[in-house]
Amino acid sequence: MSKLNIQSFQLGPLQTNCYLLTDESGERGVIIDPGMGPKRLLERIESIHIEAILLTHAHFDHMGGVDEVRKAKGCPVYIHDLEAEWLVNAQLNGSMRWKDVTPPLTTDPAEYALDEGQTLELIGHKFSVMHTPGHSPGSISLLCGSDLFSGDVLFRSSIGRTDLPGGRERDLYDSIRLKLFKLPDDVTVYSGHGPKTTIGFEKANNPFVGLQR
(Lines give C-alpha, C1' and ligand atoms only; values in the text may rest on other atoms or scores of the structure.)
Protein backbone atom coordinates (compact mmCIF):
# COMPACT_ATOMS: atom_id res chain seq x y z
CA MET A 1 0.00 0.00 0.00
CA SER A 2 1.25 3.48 -0.82
CA LYS A 3 2.26 5.87 1.91
CA LEU A 4 -0.40 8.09 3.50
CA ASN A 5 0.75 11.67 3.89
CA ILE A 6 -0.92 13.63 6.71
CA GLN A 7 -0.89 17.40 7.05
CA SER A 8 -2.83 19.29 9.71
CA PHE A 9 -4.31 22.79 9.67
CA GLN A 10 -5.62 24.55 12.77
CA LEU A 11 -8.68 26.40 11.52
CA GLY A 12 -11.11 28.89 13.01
CA PRO A 13 -11.35 30.55 16.42
CA LEU A 14 -11.43 27.17 18.20
CA GLN A 15 -8.26 25.98 16.43
CA THR A 16 -9.96 22.88 15.08
CA ASN A 17 -7.63 20.33 13.53
CA CYS A 18 -8.40 19.81 9.87
CA TYR A 19 -6.47 17.00 8.21
CA LEU A 20 -5.39 16.79 4.58
CA LEU A 21 -4.52 13.23 3.62
CA THR A 22 -2.79 12.65 0.31
CA ASP A 23 -1.53 9.61 -1.53
CA GLU A 24 2.13 8.99 -2.23
CA SER A 25 2.02 11.06 -5.40
CA GLY A 26 0.45 14.02 -3.61
CA GLU A 27 -2.02 14.37 -6.44
CA ARG A 28 -5.12 12.88 -4.74
CA GLY A 29 -6.45 13.85 -1.34
CA VAL A 30 -9.10 13.50 1.32
CA ILE A 31 -10.03 16.20 3.83
CA ILE A 32 -11.22 15.48 7.36
CA ASP A 33 -13.15 18.21 9.23
CA PRO A 34 -12.61 21.44 7.28
CA GLY A 35 -13.23 24.13 9.89
CA MET A 36 -13.95 27.82 9.55
CA GLY A 37 -11.71 30.11 7.53
CA PRO A 38 -10.09 27.47 5.33
CA LYS A 39 -8.02 29.89 3.24
CA ARG A 40 -4.68 28.17 3.93
CA LEU A 41 -6.23 24.79 3.21
CA LEU A 42 -7.71 25.99 -0.08
CA GLU A 43 -4.34 27.35 -1.17
CA ARG A 44 -2.68 24.05 -0.33
CA ILE A 45 -5.19 21.90 -2.25
CA GLU A 46 -5.44 24.10 -5.34
CA SER A 47 -3.67 21.52 -7.52
CA ILE A 48 -4.88 18.40 -5.64
CA HIS A 49 -7.85 16.28 -6.71
CA ILE A 50 -9.95 15.98 -3.54
CA GLU A 51 -11.94 12.75 -3.52
CA ALA A 52 -13.98 13.40 -0.38
CA ILE A 53 -14.66 15.50 2.69
CA LEU A 54 -15.10 13.23 5.71
CA LEU A 55 -16.73 14.69 8.81
CA THR A 56 -16.14 13.12 12.22
CA HIS A 57 -19.20 15.05 13.42
CA ALA A 58 -21.16 18.17 12.54
CA HIS A 59 -20.39 20.73 15.24
CA PHE A 60 -19.88 24.09 13.59
CA ASP A 61 -16.13 24.25 14.23
CA HIS A 62 -15.64 21.01 12.27
CA MET A 63 -17.93 21.78 9.32
CA GLY A 64 -17.55 25.55 8.99
CA GLY A 65 -15.39 25.30 5.87
CA VAL A 66 -17.36 22.59 4.09
CA ASP A 67 -19.20 24.98 1.80
CA GLU A 68 -16.05 26.73 0.56
CA VAL A 69 -14.07 23.54 0.05
CA ARG A 70 -16.89 21.63 -1.63
CA LYS A 71 -17.60 24.48 -4.05
CA ALA A 72 -13.90 24.92 -4.85
CA LYS A 73 -13.16 21.23 -5.43
CA GLY A 74 -16.52 19.70 -6.38
CA CYS A 75 -16.08 16.85 -3.91
CA PRO A 76 -18.72 14.87 -1.99
CA VAL A 77 -19.28 15.07 1.76
CA TYR A 78 -19.68 12.09 4.07
CA ILE A 79 -21.27 12.18 7.56
CA HIS A 80 -23.14 9.87 9.92
CA ASP A 81 -26.89 9.92 9.32
CA LEU A 82 -27.61 10.92 12.92
CA GLU A 83 -26.07 14.32 12.18
CA ALA A 84 -26.99 14.72 8.53
CA GLU A 85 -29.57 17.37 9.42
CA TRP A 86 -27.02 19.31 11.46
CA LEU A 87 -25.34 20.49 8.27
CA VAL A 88 -28.45 22.34 7.19
CA ASN A 89 -29.58 23.53 10.64
CA ALA A 90 -27.55 26.18 12.48
CA GLN A 91 -29.37 25.44 15.73
CA LEU A 92 -28.33 21.79 15.67
CA ASN A 93 -24.68 22.34 14.70
CA GLY A 94 -24.24 24.85 17.49
CA SER A 95 -23.41 27.94 15.47
CA MET A 96 -26.57 29.66 16.72
CA ARG A 97 -25.44 29.11 20.31
CA TRP A 98 -21.96 30.63 19.86
CA LYS A 99 -22.86 33.97 18.31
CA ASP A 100 -19.76 35.62 19.79
CA VAL A 101 -17.61 33.11 17.87
CA THR A 102 -19.36 32.62 14.55
CA PRO A 103 -22.33 33.68 12.45
CA PRO A 104 -24.95 30.97 11.83
CA LEU A 105 -23.45 28.28 9.60
CA THR A 106 -25.16 25.88 7.23
CA THR A 107 -24.20 23.97 4.11
CA ASP A 108 -25.90 21.75 1.56
CA PRO A 109 -26.75 18.19 2.63
CA ALA A 110 -24.05 15.53 2.56
CA GLU A 111 -23.91 13.21 -0.43
CA TYR A 112 -23.08 10.05 1.51
CA ALA A 113 -23.72 8.49 4.93
CA LEU A 114 -21.16 6.93 7.27
CA ASP A 115 -21.91 4.10 9.68
CA GLU A 116 -20.31 1.49 11.92
CA GLY A 117 -18.35 -1.17 10.07
CA GLN A 118 -18.28 0.64 6.75
CA THR A 119 -15.07 0.64 4.72
CA LEU A 120 -14.29 3.50 2.34
CA GLU A 121 -11.72 3.11 -0.43
CA LEU A 122 -10.24 6.52 -1.14
CA ILE A 123 -6.87 7.72 -2.51
CA GLY A 124 -5.66 4.13 -2.64
CA HIS A 125 -6.30 3.51 1.07
CA LYS A 126 -9.00 1.85 3.12
CA PHE A 127 -10.75 3.83 5.85
CA SER A 128 -12.69 1.86 8.46
CA VAL A 129 -15.60 3.72 10.01
CA MET A 130 -16.26 3.36 13.74
CA HIS A 131 -19.40 4.89 15.24
CA THR A 132 -18.11 6.48 18.46
CA PRO A 133 -20.96 8.51 19.99
CA GLY A 134 -20.86 10.43 23.24
CA HIS A 135 -19.46 13.82 22.31
CA SER A 136 -22.31 13.94 19.81
CA PRO A 137 -24.74 11.23 18.66
CA GLY A 138 -23.25 10.81 15.20
CA SER A 139 -19.56 11.07 16.06
CA ILE A 140 -17.40 8.69 14.08
CA SER A 141 -13.71 7.78 14.15
CA LEU A 142 -11.78 6.77 11.04
CA LEU A 143 -9.02 4.17 11.05
CA CYS A 144 -6.58 4.04 8.15
CA GLY A 145 -3.80 1.55 8.74
CA SER A 146 -2.24 2.57 12.04
CA ASP A 147 -3.65 6.12 11.95
CA LEU A 148 -6.89 6.99 13.77
CA PHE A 149 -8.81 10.22 13.27
CA SER A 150 -10.91 10.51 16.42
CA GLY A 151 -12.65 13.87 16.07
CA ASP A 152 -13.62 15.15 19.51
CA VAL A 153 -13.92 11.72 21.13
CA LEU A 154 -10.36 11.18 22.42
CA PHE A 155 -7.61 13.75 22.96
CA ARG A 156 -4.11 13.56 24.39
CA SER A 157 -4.73 13.10 28.14
CA SER A 158 -8.34 14.21 27.76
CA ILE A 159 -11.73 13.32 26.28
CA GLY A 160 -14.51 15.11 24.44
CA ARG A 161 -17.06 17.18 26.31
CA THR A 162 -20.52 15.70 26.77
CA ASP A 163 -22.48 18.74 27.98
CA LEU A 164 -23.57 19.89 24.52
CA PRO A 165 -26.96 18.87 23.07
CA GLY A 166 -26.88 15.22 22.09
CA GLY A 167 -23.84 14.44 24.22
CA ARG A 168 -23.90 11.49 26.62
CA GLU A 169 -21.10 10.65 29.05
CA ARG A 170 -21.81 6.93 29.26
CA ASP A 171 -21.72 6.60 25.48
CA LEU A 172 -18.40 8.45 25.30
CA TYR A 173 -16.73 6.15 27.84
CA ASP A 174 -18.09 3.11 26.02
CA SER A 175 -16.85 4.41 22.67
CA ILE A 176 -13.35 4.88 24.03
CA ARG A 177 -13.01 1.81 26.22
CA LEU A 178 -14.94 -0.71 24.12
CA LYS A 179 -13.87 0.45 20.66
CA LEU A 180 -10.85 2.75 20.52
CA PHE A 181 -8.94 1.04 23.34
CA LYS A 182 -9.36 -2.28 21.53
CA LEU A 183 -7.02 -1.00 18.83
CA PRO A 184 -3.27 -1.76 18.96
CA ASP A 185 -1.20 0.40 21.29
CA ASP A 186 0.91 1.77 18.43
CA VAL A 187 -2.06 3.34 16.62
CA THR A 188 -1.48 7.09 16.31
CA VAL A 189 -4.48 9.21 17.28
CA TYR A 190 -5.11 12.44 15.40
CA SER A 191 -7.65 14.39 17.46
CA GLY A 192 -10.02 17.21 16.61
CA HIS A 193 -8.04 19.62 18.79
CA GLY A 194 -4.54 19.60 20.22
CA PRO A 195 -1.55 17.31 19.59
CA LYS A 196 -1.54 13.74 18.37
CA THR A 197 -1.15 10.82 20.76
CA THR A 198 -1.26 7.02 20.71
CA ILE A 199 -3.75 4.46 21.93
CA GLY A 200 -1.11 2.95 24.22
CA PHE A 201 -0.31 6.29 25.85
CA GLU A 202 -3.96 7.04 26.50
CA LYS A 203 -4.68 3.58 27.91
CA ALA A 204 -1.84 4.04 30.39
CA ASN A 205 -2.10 7.75 31.16
CA ASN A 206 -5.45 9.29 30.30
CA PRO A 207 -6.83 10.51 33.66
CA PHE A 208 -10.43 10.17 32.49
CA VAL A 209 -10.49 6.72 30.91
CA GLY A 210 -7.00 5.25 31.36
CA LEU A 211 -7.03 1.54 32.11
CA GLN A 212 -4.86 2.04 35.18
CA ARG A 213 -7.93 3.27 37.06
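Residues numbered from 1 in each chain as written. Predicted model: local features only at pLDDT ≥ 70, side-chain atom pairs only at ≥ 80, totals over all residues. Heavy atoms only, no water.

Caption draft 1: Examining helix α3 (residues 66-73) more closely. Looking at α3, one finds that the buried residues are Val66, Val69 and Arg70. For α3, the arc enclosing every buried residue in end-on projection is 95°, short of the 170-degree limit, so these residues lie on one face. Elements in contact with the buried residues of α3: β3 (28-32), α1 (39-44), β4 (49-54), α2 (60-63) and β5 (77-80). Of the residues one or two after α3, glycine 74 is the one with positive phi, at around 60°. (Buried < 20%, exposed > 50% of the residue type's maximum accessible area, 1.4 Å probe, protein only. Helix = DSSP H or I, 4+ residues; strand = E, 2+ residues; numbered from the N terminus. Arc of directions from axis to C-beta. Contact = heavy atoms within 4.5 Å.)

Caption draft 2: Layout of the sheet that holds strand β1 (residues 5-11). The strand order across the open sheet formed by 6 strands is β1-β2-β3-β4-β5-β6, and the pairing between neighbours is mixed. The sheet is open, and its two borders are formed by β1 and β6 (112-114), each paired with just one other strand. For this sheet, the mean angle separating the axes of adjacent strands, direction not counted, is 25°. Relative to β6, β5 runs parallel, the two sharing 3 bridges. Looking at the pairing, histidine 80 lines up with leucine 114 of β6. In the packing of α3 onto the sheet, contacts are made with β3, β4 and β5, and the angle to β4 comes to roughly 150°. (Pairing = 2+ DSSP bridges. Axes fitted to C-alpha atoms, helices over the stretch in contact; angles between N-to-C directions.)

Caption draft 3: Up close: the sheet that holds strand β14 (residues 197-198). Pairing within the open sheet is mixed, and its 6 strands lie in the order β7-β8-β9-β10-β13-β14. Pairing within the sheet leaves two strands with one partner each, and these edge strands are β7 (119-122) and β14. As paired elements, strand β13 (residues 188-191) and β14 share 2 bridges and run antiparallel to each other. Within β14, the residue paired with threonine 188 across the bridge is threonine 198.

Caption draft 4: Quick peek at the packing of aromatic side chains. In the structure shown here, the tally under the stated rule is 5 aromatic pairs. Judged by centre distance (5.6 Å) and plane angle (80°), the rings of tyrosine 19 and tyrosine 190 are edge-to-face. A residue pair is termed long-range when its members are at least 10 positions apart, and tyrosine 19 in strand β2 (residues 16-22) and tyrosine 190 in strand β13 qualify at 171 residues. Accessibility classification places tyrosine 19 together with tyrosine 190 in one group, the buried group. Three or more aromatic residues link up through ring pairs in this structure, and these residues are Tyr19, Phe149 and Tyr190. (Phe/Tyr/Trp six-rings, centres within 6.5 Å; stacked < 30°, edge-to-face > 60°.)

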